[in-house]
Amino acid sequence: MDISSIRYAHRFDHVTGSAIREIFKVIAQPGMISFAGGNPSLDALPDRQVDELAHYVLEKDGKALLQYGATEGYPPFVESLKKYVENQLGVDIPAVLPVTGSTQAMDLLCKALIDPGDTVLVENPSFLGNLQCLKLYQANLVALESDDQGLIPEDLEKKIRQYHPKLLYTIPTFQNPTGKTLPEERRKAVAELANQYGMVVAEDDPYRDLRYEGTPFHSIKYYDRNGWVMFLGSFSKNISPGLRVGFIAGDPGIIRKCTVGKQSTDVHSANLNQAIVDQYLRRNLLPGHISSICDGYKSKMQLMLKALENFPEDVAFTRPQGGLFIWAELPGHMDTVSLLSKAVDRKVAYVPGTYFCVDGGHLNTLRLNFSNSTPEQIVSGMNVLNDLIRSELK
């Protein structure tokens, strides 16, 4: 029998794979200016520091690091991680679990909580990687209404009452893909609604350190009184995505279920990588490193925003105070999916906004990343997009 007749699991019925990963195949072309990914700048990756820390931890504890480890995490890192999260959030954290990137945190949380058909409320648009994760667990995704400040608490409560969701997934700070930040009063409202209605909140906050202006807000977790908020974090954007070190923090019962789920996924996250990040925290290297990379990111963001100001008047865009992304909205009749091929022909790439939307649509939107391009590439690439959009409007 031909292998093409194989029947795949139904969980893949409506999952086609990451659109960004497909676009990456295109942007590998020589000379391509990519605003498509979410990669940190190469200048922001501390290779020499990591080299020194790796040598240190291998000399100090190399045999243990190269052996199997505990699913619960490398013990010194669990200790320093808990202190780090508590200092970041300003609250006591009962339990933490190191994971292989915060993407795994979401996967484990779904594994622990979501049965097929369970309703999950999501921002619209939202991070497509975790939308894909939720679809693989066969969740019923319900989109929330939002404005220029993010999700609207009144709509959240309305849909909690209507759908009785098990989970809310939110990126409250410099949201991917829009760059929006949820205000303080809305963060408090989300925590209060979660407690009132018994809904778990997955607060995904990998960009919170990348603030270039304005005043930081408390996390949603800060306002959590009964353990309904699980905080998902990562060191991918502030140290290195290649180390794949993230974490989930919150209720010990949920953390335990995630730990059991992790045992059959990868046994444990890489000990060596955990030990390197542990030294980053113990030596207090992170604040200085974050400060050094934020200056460069800020100038790139401002350069891209300045370029967008010269686009046609009916092109709207967000003005983030940090993070890695700017969201743009073209006139309603335009299709950024078909426009992408024309942009790629001109050696510029972006991600069409429709891929971040729960039910598709929004074909006139796109996400732009500024962190992984040089200032010269930003100026050149944005000029190409400006000219292309203007030509399509004629």
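The structure reproduced in this document is the subject of the present report.

Analysis parameters
- Residues numbered from 1 in each chain as written.
- Predicted model: local features only at pLDDT ≥ 70, side-chain atom pairs only at ≥ 80, totals over all residues.
- Heavy atoms only, no water.
- Axes fitted to C-alpha atoms, helices over the stretch in contact; angles between N-to-C directions.
- Helix = DSSP H or I, 4+ residues; strand = E, 2+ residues; numbered from the N terminus.
- Parallel < 35°, antiparallel > 145°, perpendicular 65-115°, else oblique.
- Left-handed = near helix turned anticlockwise from the far one by under 90°.
- Contact = heavy atoms within 4.5 Å.
- Nonpolar A, V, L, I, M, F, W, Y, C, P; charged D, E, K, R; others polar.
- 1 Å grid on protein atoms, 1.4 Å probe; cavity = no way out; pocket = protein on both sides within 12 Å on 5 of 7 lines; lining within 4 Å.
- Points joined across faces, edges and corners; volume = space filled by probe spheres on them.
- Pairing = 2+ DSSP bridges.
- Buried < 20%, exposed > 50% of the residue type's maximum accessible area, 1.4 Å probe, protein only.
- Salt bridge = Lys/Arg side-chain N within 4 Å of Asp/Glu carboxyl O.

Describing the packing of helix 10 (residues 286-308) against helix 12 (residues 375-393)
Line of reasoning, step 1. For the pair helix 10 and helix 12, the least separation of the axes is 10 Å and the interaxial angle reads 15°. The orientation of helix 10 with respect to helix 12, classified from their angle, is roughly parallel. Judged by the sense of rotation from one axis to the other, the crossing of helix 10 with helix 12 is right-handed. Listed contacts from helix 12 to Lys-300, Leu-303, Met-304, Ala-307 and Leu-308 of helix 10 are Pro-375, Ile-378, Val-379 and Met-382.
Line of reasoning, step 2. Classifying every residue of the contact of helix 10 with helix 12 gives 8 nonpolar, no polar and 1 charged.

Overview of empty space enclosed by the protein
Line of reasoning, step 1. Scanning all chains against the criterion turns up 3 cavities of 30 Å³ or more.
Line of reasoning, step 2. Put simply, the largest cavity is a space of about 120 Å³.
Line of reasoning, step 3. Lining the largest cavity we find 14 residues, and of these Glu-123, Gly-150, Leu-151, Gln-175 and Lys-180 sit closest to its centre.
Line of reasoning, step 4. Each residue belonging to the lining of the largest cavity can be placed in one class, and the counts come to 5 nonpolar, 7 polar and 2 charged.
Line of reasoning, step 5. In this structure, the second largest cavity occupies an estimated 110 Å³ of space.
Line of reasoning, step 6. In terms of lining, the second largest cavity is formed by 15 residues, of which the most central are Tyr-84, Asp-205, Arg-208, Asp-209 and Ser-234.
Line of reasoning, step 7. Elements supplying a minimum of two residues to the lining of the second largest cavity: helix 3 (75-89) and strand 9 (229-234).
Line of reasoning, step 8. If one sorts the elements of the lining of the second largest cavity by residue count, helix 3 sits on top with 4 residues.
Line of reasoning, step 9. Of the residues contributing to the lining of the second largest cavity, the split by class is 8 nonpolar, 4 polar and 3 charged.

So, the sheet that holds strand 3 (residues 119-122)
Sheet strands pair via backbone hydrogen bonds, and the direction of the pair is either parallel or antiparallel.
Line of reasoning, step 1. Strand order in the open sheet formed by 7 strands is 2-10-9-8-7-3-4, and the pairing between neighbours is mixed. Edge positions in the sheet fall to strand 2 (95-99) and strand 4 (140-143), since each has one partner strand and no second. Direction aside, the axes of adjacent strands within the sheet are offset by 20° on average.
Line of reasoning, step 2. Pairing of strand 8 (residues 200-204) with strand 9, which is carried by 4 bridges, proceeds in the parallel orientation. For Val-201, the partnering residue across the bridge sits in strand 9 and is Val-229.

Overview of the pairing of strand 10 (residues 246-250)
Line of reasoning, step 1. In terms of burial, strand 10 is a largely internal element, 5 of the 5 residues being buried.
Line of reasoning, step 2. Of the two faces of strand 10, the one lined by Gly-246, Ile-248 and Gly-250 and the one lined by Phe-247 and Ala-249 are each fully buried.
Line of reasoning, step 3. Summarising the sheet, strand 2 and strand 10 pair through 5 bridges and their orientation is antiparallel. Note that in strand 10 the partner of Leu-97 across the bridge is Ile-248.
Line of reasoning, step 4. Summarising the sheet, strand 9 and strand 10 pair through 4 bridges and their orientation is antiparallel. Among the inter-strand pairings, Ser-234 is bridged to a residue of strand 10, identified as Gly-246.

Regarding the pattern of salt bridges
If charged atoms from side chains of opposite charge come close, those side chains can pair.
Line of reasoning, step 1. In this structure the tally under the stated criterion is 14 salt bridges.
Line of reasoning, step 2. The salt bridge involving Lys-82 is made with Glu-86; its shortest N-O contact spans 2.8 Å. With Lys-82 and Glu-86 both in helix 3 and 4 residues apart, the pair spans about one turn of that helix.
Line of reasoning, step 3. For Lys-82, a relative accessible area of 30% puts it in the partly exposed group.
Line of reasoning, step 4. Overall, Glu-86 belongs to the buried group, its relative accessible area being 19%.
Line of reasoning, step 5. The salt bridge partner of Lys-159 is Asp-155, with a shortest N-O separation of 3.3 Å. Taken as a pair, Lys-159 and Asp-155 lie in helix 6 (residues 153-163) at a separation of 4 residues, close to a single helical turn.
Line of reasoning, step 6. Its relative accessible area of 7% is what places Asp-155 among the buried residues.
Line of reasoning, step 7. Where salt bridges share partners, they join Glu-79, Asp-278 and Arg-282 into one cluster.

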